[in-house]
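Observations on the three-dimensional arrangement
Spelled out from the first residue to the last, the chains are:
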Amino acid sequence: MSEPIFVDLSESKPTEIESLCMKCEENGVTRILLSKIPHFKEIIIMAFECPHCGFRNNELQSAGVVNERGHTISLAIQSKDDMNRQLVKSDYCSVKFEELDLEVPANNNRGLLTTVEGLVDNVIDDLSAGQPLRKATDEAVYNRIEEIIATLNGYKEGNAFVLKLDDPSGNSYVENKCLPNQDPQIKLRWYTRSPEQQAFLGLQTENQQTPAEQAAALALQRSGTASEMVNEKTGIPEVMSFPANCPSCNSPCATNMHIMEIPHFKEVVIMATNCEHCGYKSNEVKAGGPISDKGKRITLKITDMEDLSRDILKSETCGLSIPEIDLELTQGTLGGRFTTVEGLLRQVHTELRDRAPFIEGDSGTNSGKDRWARFLNNLTSVADGKMMPVTLVIDDPLSNSYLQNLYAPDPDPEMSIEDYERSWDVNEDLGLNDMKLENYEEDATTTNKKEEESETA
């Protein structure tokens, strides 16, 4: 069996090759490291050093598959200690300093594994590079950039500011100082990529298929494998299959989709992918039907092993918490899942363990490592049924999550369900404030008339 190309960071060794220095045009050394780190998948780290002129350069590139959605990370820097936060910035990620309205586009920067202070230093170096020429040609621009550089140097001394990372590939990361709890200084928002962002990443849009995928879809239709069983009421195939690429090895595989109705709940869509080449398996659940008028909060008191075997449907917009062990997951974590309470807790354990690359590495403190280990042990104890009773809270602003009632249709004495009104901020994050379902054709006509009048004027 051949050795894997990408190995763990602790076991990997760099490869050295002779390279030309672009500064003095002498030969230097480039070290290339192929490795894996949690959350960021496979990466390629390259570092160049010239022994003649002392020039150094480093770069990081992602070698893994991009996430299904992009994300934005907003980090509020409040003190000088926050400048030591480590971050992973992919080569598709843009960086913006909110107070300065200064943005570093993704195509003008490279992937980095650094700290917030290191990122600020890189921006200062880039801005300072052309200052002598600007002073001679355009002094006004020179003075304005000097003001920006002075403000950035003030950030390094501890002045407060907000740093925003926008990564359509979803492969950037900022260190969480409050693990296992949510960091109040970090705001993470996932979003669906636009066609322009899909093209920027080199991905095809949803309505574009390669010739191979079109041929595979046509073959499925002709052979009838895509609709072996058809629902008599709806006329929809019981299990629909369509071609896709494996997120792990990128080999062709099939994704199966099934529409089912959960008793005392609503209609859901279950999608499952099973790759025959590498053995990768995944499942995802999306709720069907209209958007609920109110949010829903489900509280379950876990008192015995039977409670861990309850079926649970966790939607993409659902948050989850267990106060007894300080577990709190924000909306969007884990995506949609249809499993049991025990299965969900074990998936949470795996996800949190893999998404904390810095706390267990050389940069983590002993107290932080001990606190993190105790938290993971407590989470495992709850999943094993050794720590009871505990309270499981499921909060879904769209009411698309479900927890099995063992006494249905009668009320469950261990479970309480609360409906609540969504706030304006929550509706804004979900994109509901901009949705208009009535008289939208009249508004569109009015808007077109105003545009025509302004062009005529």
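Calculation notes
- Residues numbered from 1 in each chain as written.
- Predicted model: local features only at pLDDT ≥ 70, side-chain atom pairs only at ≥ 80, totals over all residues.
- Heavy atoms only, no water.
- UniProt positions renumbered as here; feature names shortened; annotations may be inferred.
- Helix = DSSP H or I, 4+ residues; strand = E, 2+ residues; numbered from the N terminus.
- Buried < 20%, exposed > 50% of the residue type's maximum accessible area, 1.4 Å probe, protein only.
- Contact = heavy atoms within 4.5 Å.
- Pairing = 2+ DSSP bridges.
- Axes fitted to C-alpha atoms, helices over the stretch in contact; angles between N-to-C directions.
- Salt bridge = Lys/Arg side-chain N within 4 Å of Asp/Glu carboxyl O.
- Phe/Tyr/Trp six-rings, centres within 6.5 Å; stacked < 30°, edge-to-face > 60°.
- Lys NZ or Arg CZ within 6 Å of the ring centre and 35° of its normal.

As named in an unreviewed UniProt entry, the chain is Zinc finger ZPR1-type domain-containing protein, taken from Mucor plumbeus. According to the UniProt record, the Subcellular location (unreviewed entry) comment for the chain reads "Nucleus". Of the comments in the UniProt record for the chain, the one headed Function (unreviewed entry) reads "Acts as a protein folding chaperone for elongation factor 1-alpha."

**Focus: the overall build of the chain**
Regarding its fold elements, the chain presents 10 helices and 25 strands. For the chain, the residues scored as buried account for 37% of the 457 residues in total. A fraction of 61% describes how many contacts in the chain between residues 6 or more apart in sequence connect residues 24 or more apart.

**Remarks on unusual backbone geometry**
The step from Met388 to Pro389 runs through a cis peptide bond, and the omega angle for that step is -5°. Here Glu25, not a glycine, exhibits a phi torsion of approximately 65°, which is positive. Looking at where Glu25 falls in the secondary structure, it is placed in the loop between strand S2 (15–20) and strand S3 (27–37). The class of Glu25 is exposed, set by a relative accessible area of 61%. Look at Ser399: it is not a glycine, yet its phi comes out positive at around 55°.

**Let's talk about the sheet that holds strand S24 (residues 402–403)**
Taken in spatial order, the three strands make up an open sheet running S22-S19-S24, and their pairing is antiparallel. This sheet does not close on itself; its edge strands, each paired only once, are strand S22 (337–340) and S24. Pairing of strand S19 (residues 311–314) with S22, which is carried by four bridges, proceeds in the antiparallel orientation. The partner of Lys314 across the bridge, within S22, is Arg337. Packing of helix H7 (residues 341–354) onto the sheet brings it into contact with S19, S22 and S24, and relative to S22 it is tilted by some 115°.

**Thoughts on the pattern of salt bridges**
On inspection of all chains with the given rule, the structure shows 15 salt bridges. Across the salt bridge formed by Asp395 and Arg297, the nearest N and O atoms sit 3.3 Å from each other. Taken together, the positions of Asp395 in strand S23 (residues 390–396) and Arg297 in strand S18 (residues 295–302) put the pair 98 residues apart, joining distant regions of the chain. Residue class for Asp395 comes out partly exposed when judged on its relative accessible area of 24%. Residues Arg346 and Glu342 are paired through a salt bridge, measuring 3.1 Å at the closest nitrogen-oxygen approach. Of the two residues, Arg346 and Glu342 both sit in helix H7, four residues apart, roughly one turn of that helix. Judged by its relative accessible area of 28%, Glu342 falls in the partly exposed class. Where salt bridges share partners, they join Glu16, Arg31, Glu49 and Arg56 into one cluster.

**Digging into the environment of Glu26**
Position of Glu26 among the secondary structure elements: in the loop between S2 and S3. For the pair formed by Glu26 and Cys50, sequence separation is 24 residues and the distance between their alpha carbons is 7.7 Å. With residues up to four places along the chain from it excluded, the contact list for Glu26 reads Ser19, Leu20, Cys21 and His52.

**A short note on the packing of aromatic side chains**
Per the stated rule, a full pass over the model turns up six aromatic pairs. Ring plane angle 35° and centroid distance 5.9 Å describe the contact between Phe97 and Phe161, whose orientation is recorded as tilted. You can see Phe97 sitting in strand S8 (residues 94–97) and its partner Phe161 sitting in strand S11 (residues 161–167), a full 64 residues away along the chain. Of the two residues examined, Phe97 and Phe161, each falls in the buried class. With a centroid separation of 4.1 Å and an interplanar angle of 20°, the aromatic rings of Tyr155 and Phe161 are classed as stacked. As far as burial versus exposure is concerned, Tyr155 and Phe161 are alike and both buried. Among the aromatic residues, those joined into a ring-pair cluster are Phe97, Tyr155 and Phe161. Stacked on the ring of Tyr420, the Lys or Arg Arg297 has its end atom at 4.5 Å from the ring centre.

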